[in-house]
Each structure stands twice: as C-alpha cells, then as structure tokens.
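Observations on chain architecture
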Amino acid sequence: MSIQRVVDARGSFCPGPLMELISNMKMMAVGDVLELLSTDAGSAADVPEWIKKVGHTMINTEQDAEGTWHIRVRKEK
C-alpha cells in the first residue's frame, strides 16, 4: 500500500480531523490512499461512518502507543 497523502490532525478536536479528511480527499485522485493522524478518539468512529456513507474504502484503523489514531482511506470516486 502506497500512501499518497498524510494529514496530521493531531491536537485537533471533533469535527476538525473529519473536516481535514474531507477537504484533502477532494484534492486527491481516485485510487489514492490518505492516512489521517488524529489524537481525537471520536475520529476512530466518525471517519469510518463518513467513509461508508460516501463510498470510499476504509483500509484500516489503528492506534499507536502514543495514542495517535492512524486511519487509512482509499478514494473510490
């Protein structure tokens, strides 16, 4: 998996990380992969819900030892 864009939204609170994701996805090409970095626990639930709603692909979500969520998404349309 090749990540084309990393969006660092650490320190931002809901809905900040989701808004950052949405604005960056608009600038990407179909098939590109974006990784969102977020320290807001709500992102782990909000982002997958939005991804499913708009039809992109959720690749994976994981939290590292420092508490940062790494959310990887592929743009589908």
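Residues numbered from 1 in each chain as written. Predicted model: local features only at pLDDT ≥ 70, side-chain atom pairs only at ≥ 80, totals over all residues. Heavy atoms only, no water.

How we decide: UniProt positions are given in the numbering used here, feature names are shortened, and annotations may be inferred rather than shown by experiment.
By the naming in an unreviewed UniProt entry, the chain goes by Sulfurtransferase TusA family protein and is assigned to Acidithiobacillus ferrivorans. Looking at the chain in UniProt, the text filed under Sequence similarities (unreviewed entry) is "Belongs to the sulfur carrier protein TusA family."

1. Digging into the pattern of salt bridges
Any two side chains of opposite charge can pair if their charged atoms end up close together. Selection rule: Think of a salt bridge as a Lys or Arg side-chain nitrogen and an Asp or Glu carboxyl oxygen that are within 4 Å of each other. Working definition: with a 1.4 Å probe on protein chains only, accessible area under 20% of the residue-type maximum means buried, over 50% means exposed, and in between means partly exposed. Going along the chain from the N terminus, every DSSP run of H or I of four or more residues is numbered as a helix, and every run of E of two or more is numbered as a strand.
Under the definition given, this model contains three salt bridges. Between Asp8 and Arg10 there is a salt bridge, with its nearest N and O atoms 2.6 Å apart. Exposure remark for Arg10: the relative accessible area of 45% places this residue in the partly exposed category. Residue Arg72 is joined to Glu62 by a salt bridge in which the shortest nitrogen-to-oxygen separation is 2.9 Å. Residue Arg72 is found in strand β4 (residues 69–74), and its partner Glu62 is found in strand β3 (residues 57–63); the two are separated by 10 residues along the sequence.

2. Remarks on unusual backbone geometry
A cis amide bond links Cys14 to the next residue, Pro15, at an omega of 5 degrees. Looking at where Pro15 falls in the secondary structure, it is placed in the loop between β1 (5–8) and α1 (16–26).

3. Let's talk about the nonpolar core
Applicable threshold: Here, the term nonpolar core denotes a set of buried Ala, Val, Leu, Ile, Met, Phe, Trp, Tyr and Cys residues that are joined through side-chain atoms within 4.5 Å. By definition, residues are in contact when any of their heavy atoms lie within 4.5 Å.
The biggest cluster of nonpolar side chains holds 15 residues, and the ones touching the most others in it are Leu21, Met25, Leu34, Leu36, Val47 and Trp50. Broken down by secondary-structure element, the contributors of at least two residues to this core are α1, β2 (33–38), α2 (43–54) and β4. Of the residues forming this core, the biggest block, four residues, is contributed by α1. Apart from the residues lying within four places of it in its own chain, the contact partners of Val47 are Leu18, Leu21, Leu36, Ile71 and Val73.

4. Notes on the sheet that holds β4
We apply this condition: Paired strands, in this sense, are two strands between which DSSP finds at least two bridges. To define axes, lines are fitted to C-alpha atoms, for helices over the stretch in contact only, and angles between the resulting N-to-C directions are given on a 0 to 180 degree scale.
Spatial strand order, β1-β2-β4-β3: four strands in an open sheet with mixed pairing. Edge positions in the sheet fall to β1 and β3, since each has one partner strand and no second. Taking each pair of neighbouring strands and ignoring which way they run, the sheet shows an average axis angle of 15 degrees. Note that β3 and β4 share six bridges and pair antiparallel. Within the sheet, the bridge partner assigned to Asn60 lies in β4 and is Arg72. Along the sheet, α1 makes contact with β1, β2 and β4, crossing β2 at roughly 160 degrees. Contacts between α2 and the sheet are confined to β2, β3 and β4, with β4 contributing the most and set at about 5 degrees to the helix.

5. Structural notes on α1
One turn of an α-helix holds 3.6 residues; hence residues three or four places apart share an orientation. Among all positions in α1, only Gly16, Pro17, Leu18, Leu21, Ile22, Asn24 and Met25 are buried. On its buried face, α1 is in contact with β1, β2, α2 and β4.

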